[in-house]
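# Results of the structural survey
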Amino acid sequence: MHELSIVGNIIEIAENEARKALAERITELEMDIGTVSGIELDALNFAFESVKPKTMLKNAEIKINIIQAKAVCSDCRHVFETENVYTLCPVCDSFKTEIIQGKEIKIKSILVD
Amino acid sequence: MCTTCGCEGNGNKISMTVFGEKNKSNTQKHSHSHEHHSHEHEHEHEHEHRHKHSHKINIEVDVLSQNNLTAERNRGWFEAKNIFSINMMSSPGSGKTSILERTIKDMKDKLNFYIIEGDQQTMNDAERIGNAGAPVIQVNTGNGCHLDAEMINKAVKQLNVKDNSLVIIENVGNLVCPSLFDLGESKRIVIMSTTEGEDKPVKYPTIFERADICIINKIDLLPYLNYDLEKAKNYALRVNHHLQFIEVSATTGEGMEKWYELLLSLID
């Protein structure tokens with residue numbers, strides 16, 4: 001349940017930015033979460049719901065852009081979408097693949113007023 | 001509720017205790033530097049420019065950036081003091097502490113060990129390591145499921161780690177959460193044991209993907225188990241084809257020499 005401490009970091013960053021802008025509340029938070037980032041979306045949402053009420057994000061809408069993981073094969077350079085970090089290259093069957101996208105845990109923006 | 005760890009208002013107690021130092025336990029509400037957001041902002045003057053309208057602020061920041069920054073500070077501190085550091089991770093019961101105990105007993109004349117023990121509760125592991133002959137600090141994370149860079153930053157200072165040494169961090173027994181948190185280590189080691197399923201690496205790929213070395217422990221039990229060592233290694237290689245394997249038994253000592261050779265070669 002590391003999502004709880006991740007949510008803590010998210011809220012801390014978002015609140016700092018909101019305060020810098022002299023805002024009173026955060027009405028929306030937009031994030032990028034990669035499909036192989038190690039974040040379980042259900043756990044993340046659960047953590048948000050339990051932590052939000054006592055923060056500036058009390059009534060904030062949490063928008064999550066899911067970033068589909070992509071890997072590149074080190075042997076044949078084929079780039080392909082993957083559901084996990086251990087898919088064989090669909091072209092040459094090599095397991096020497098590296099994730100090039102999908103590990104994001106990033107705050108994009110907040111909407112404040 | 002605290003926003004960092006989700007603990008209730010009275011705080012998740014993270015404590016650090018150096019083995020052998022009684023009553024010097026440094027208990028703190030949080031080792032990381034966030035604040036409970038209960039403070040009032042008193043502004044002496046009116047903010048005429050206070051934004052009443054809704055507007056967007058672009059942040060574009062990695063959520064783990066604060067941890068990663070602290071980890072890089074740790075890395076710089078280690079580098080300046082010529083310290084090699086290892087982050088050991090595994091599920092509970094795979095033998096992290098047993099491997100460490102044996103390593104310390106066999107190698108303490110050759111290496112200056114400093115151990116950081118992460119567990120939710122108890123001093124048990126620190127006592128085992130302390131009795132094996134290495135300076136050790138126990139970090140009790142309370143409800144926390146992993147160590148973070150801030151905890152390590154505090155722990156190495158409280159443990160008074162000397163130059164030219166080897167810091168081994170035994171992370172909280174957990175095959176999921178510790179993988180995301182860079183501690184500033186030089187190498188990451190993941191341990192699996194023959195009493196677990198061979199498919200652990202594909203079930204919990206993140207931790208294997210981000211490791212440098214994989215120790216397979218309890219090989220003395222192989223004759224009694226249906227564990228297929230090659231299959232396990234193949235699964236791990238599918239997740240991370242850079243992984244280097246060491247097979248050991250912390251109980252019988254089998255394979256430990258190879259582990260020591262690797263350890264010495266890493267430090268050189």
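Above this text you will find the structure in question.
What this report covers is the structure whose coordinates are included nearby. (Residues numbered from 1 in each chain as written. Chains lettered and ligands numbered in written order. Predicted model: local features only at pLDDT ≥ 70, side-chain atom pairs only at ≥ 80, totals over all residues.)

## Some details on the sheet that holds strand 3 (residues 70-73) of chain A
Residue and element names in this part refer to chain A. Spatially, 4-3-5 is the arrangement adopted by the three strands of the open sheet, whose pairing is antiparallel. Among the strands making up the open sheet, the edge pair consists of strand 4 (79-81) and strand 5 (97-101). Neighbour to neighbour, the strand axes of the sheet diverge by 35° on average, direction disregarded. The pairing of strand 3 with strand 5 spans four bridges and is classified as antiparallel. In the strand pairing of strand 5, Lys70 is matched with Gln101. (Pairing = 2+ DSSP bridges. Helix = DSSP H or I, 4+ residues; strand = E, 2+ residues; numbered from the N terminus. Axes fitted to C-alpha atoms, helices over the stretch in contact; angles between N-to-C directions.)

## Considerations on the interface of chain B and chain A
Opposite the 38 residues of chain B that make contact, chain A presents 37 residues. Where the side of chain B that touches chain A is concerned, the elements lending two or more residues are strand 3 (55-62), helix 6 (205-209) and helix 7 (229-239) of chain B. Residue contributions to the side of chain B that touches chain A peak at eight residues, all from strand 3 of chain B. (Contact = placed C-beta atoms within 7 Å.)

## Side note on the pairing of strand 6 (residues 136-140) of chain B
Residues and elements named next belong to chain B. Burial within strand 6 is extensive, with five of its five residues counted as buried. Burial of the side chains of strand 6 extends over both faces: Val136, Gln138 and Asn140 are buried on one face and Ile137 and Val139 on the other. Bridging between strand 1 (residues 14-18) and strand 6 involves four bridges; their strand directions are antiparallel. The partner of Met16 across the bridge, within strand 6, is Val139. (Buried ≥ 20, exposed ≤ 12 C-beta atoms within 10 Å, placed from the backbone.)

## A look at the sheet that holds strand 3 of chain B
If you walk across this open sheet you meet the four strands as 2(A)-1(A)-6(A)-3(B), and the pairing is mixed. Each edge of the sheet is formed by a strand with only one pairing partner; in this case those strands are strand 2 (61-67) of chain A together with strand 3 of chain B. Within the sheet, the average angular offset between the axes of one strand and its neighbour, ignoring direction, is 15°. When strand 1 (residues 26-34) of chain A meets strand 6 (residues 105-112) of chain A, the two strands line up antiparallel, connected through seven bridges. The partner of A:Glu30 across the bridge, within strand 6 of chain A, is A:Ser109.

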